[in-house]
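Here is what each chain is made of, one letter per residue.
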Amino acid sequence: MNDAEQAEVAGSDGNVPDDGGEDTPRGKVPYWLSQVPYALVLSALAAGIVVVAAAYFKRGPAIIAGALLLAATFRLFLPKDWIGLLAVRRRWVDLATLVALAVLLIVLAWVAPQLSS
């Protein structure tokens, strides 16, 4: 992200500027709508953490890994204007990080011993 893009993001209040009646670009979405994929991923992560807190140490990391794979899917297929806070770095860095963490959590869920109650 260059300095001009950072200044645009920092100065954005979520409203589309009025260009004198011109139509907005086709790919632009409202700020709140661009945060929906991020909110979906966060809610899935929260669900996984709740499952871990309920002492299901095999299911919880699997749910969290699924949330990370969902984030990677959003990052791969949605345009940058539509993914909001899921775009942190370059696309390939985000994808590699999300997929690597998901794979590690799946391995953790697989090798974790089942606790008996």
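Residues numbered from 1 in each chain as written. Predicted model: local features only at pLDDT ≥ 70, side-chain atom pairs only at ≥ 80, totals over all residues. Heavy atoms only, no water.

### A closer look at the packing of helix α3 (residues 36-53) against helix α4 (residues 59-77)
Here α3 crosses α4 at 170°, and the two axes come no closer than 7 Å. One element, α3, and the other, α4, form an angle in the roughly antiparallel class. Between α3 and α4, the contacting residues are P37, L40, V41, A44, L45, A47, G48, I49, V51 and V52 on the first element and R59, G60, P61, I63, I64, A67, L70, A71 and F74 on the second. Split by residue class, the contact of α3 with α4 holds 16 nonpolar, two polar and one charged. (Axes fitted to C-alpha atoms, helices over the stretch in contact; angles between N-to-C directions. Helix = DSSP H or I, 4+ residues; strand = E, 2+ residues; numbered from the N terminus. Parallel < 35°, antiparallel > 145°, perpendicular 65-115°, else oblique. Contact = heavy atoms within 4.5 Å. Nonpolar A, V, L, I, M, F, W, Y, C, P; charged D, E, K, R; others polar.)

### Brief notes about helix α6 (residues 91-111)
The terminal C-alpha atoms of α6 lie 30 Å apart, and with 21 residues this matches the ideal 30 Å at 1.5 Å per residue to within 8%. Contacts made by the buried residues of α6 are with α4. (Expected span 1.5 Å × (residues − 1).)

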